[in-house]
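Here is what each chain is made of, one letter per residue.
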Amino acid sequence: MKFNSVFDVIGPVMIGPSSSHTAGASRIGAIARSVFSEQPAQVEIHLYGSFAKTYKGHGTDVALIGGLLGFLPDDPRMKESPKLAEEWGMHIQFIEETEEAPHPNTVKLVLKNGMKQMTLVGASIGGGKVEIIRLNEFELEFTGTAPALLVLHEDKFGIIASVTKIIADYEVNIGAMKVSRKVKGDDALMVIEVDQQVDESLTLEIAKVNGIFQVASIVL
């Protein structure tokens, strides 16, 4: 097996016994929180494979809640995240699934706030690294290793060009980009990885483009 760095072996700085079950889990929760763009009132956490079998003993439940609260893996408040979530008005339900998932450390998060709802599926792939597999109806291959913009938009001519022009105007370099759509002419999703954290003014300007429904910035 080949490792890119020593951190692939020992994992990141974190609170918890396992980089896969704690640091990776908290990262998935944090990404879901960023995309949802606000604290959810209700969260359903569907656990698969190893996550479903060992989440209590390995602290995966605590880590996922901490990520949903916006805590970093080494935040000293992480251990108190279930209590804090309750105090902050976040109702959480854990559901142990028996069906097989593509990766043994897989979780599906369903975030709700009134009529607003979002589903995100992610896997913790080791060393604190994650892969986001699905966002609502869209299949993804997003690792969260670089800052990114997620842009939900109408599938029509000119929108991609308008978004990339705005990013270029802010002198932000695009490292990778993928566009997915459900049906031609329906909704589409841009996942744009960039080389630096982006200002809120950039996301606000993209949101003004005709045909764009939502813009979310994922920070590291």
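Bear in mind that the values here come from a model prediction, so they are computed numbers and not experimental data.

Right, let's talk about the packing of aromatic side chains for a bit. Within the structure shown, the criterion is met by two aromatic pairs. Judged by centre distance (5.4 Å) and plane angle (20°), the ring pair of Tyr55 and Phe94 falls under stacked. Of this pair, Tyr55 sits in helix H3 (residues 49-58) while Phe94 sits in strand S2 (residues 91-96); the two residues are 39 residues apart in sequence, bridging distant segments of the chain. Judged by relative accessible area, which is 26%, Phe94 ranks as partly exposed. For the ring pair Phe71 and Trp88, a centre distance of 6.0 Å and an interplane angle of 80° mean the geometry is edge-to-face.

We now examine unusual backbone geometry. The backbone phi angle of Asn136 is positive, close to 55°, even though this residue is not glycine. Secondary-structure assignment places Asn136 in the loop between strand S5 (129-135) and strand S6 (138-142). Of note in this structure, Glu171 is not a glycine but carries a positive phi near 55°. Of note, Glu171 is situated in the loop between helix H6 (159-169) and strand S8 (174-181).

What follows concerns the pattern of salt bridges. Within this structure, the stated rule accounts for seven salt bridges. With a closest N to O distance of 3.9 Å, Glu38 and Lys116 form a salt bridge. Of this pair, Glu38 sits in the loop between helix H2 (19-36) and strand S1 (42-48) while Lys116 sits in strand S4 (residues 116-126); the two residues are 78 residues apart in sequence, bridging distant segments of the chain. The closest approach of N and O atoms between Lys165 and Asp169, which form a salt bridge, is 3.1 Å. On the criterion of helical spacing, the pair formed by Lys165 and Asp169 is a turn pair, its members being four residues apart in helix H6. On the basis of relative accessibility, which here comes to 47%, the residue Asp169 falls in the partly exposed class.

Criteria and thresholds
Residues numbered from 1 in each chain as written. Predicted model: local features only at pLDDT ≥ 70, side-chain atom pairs only at ≥ 80, totals over all residues. Heavy atoms only, no water. Phe/Tyr/Trp six-rings, centres within 6.5 Å; stacked < 30°, edge-to-face > 60°. Helix = DSSP H or I, 4+ residues; strand = E, 2+ residues; numbered from the N terminus. Buried < 20%, exposed > 50% of the residue type's maximum accessible area, 1.4 Å probe, protein only. Salt bridge = Lys/Arg side-chain N within 4 Å of Asp/Glu carboxyl O.

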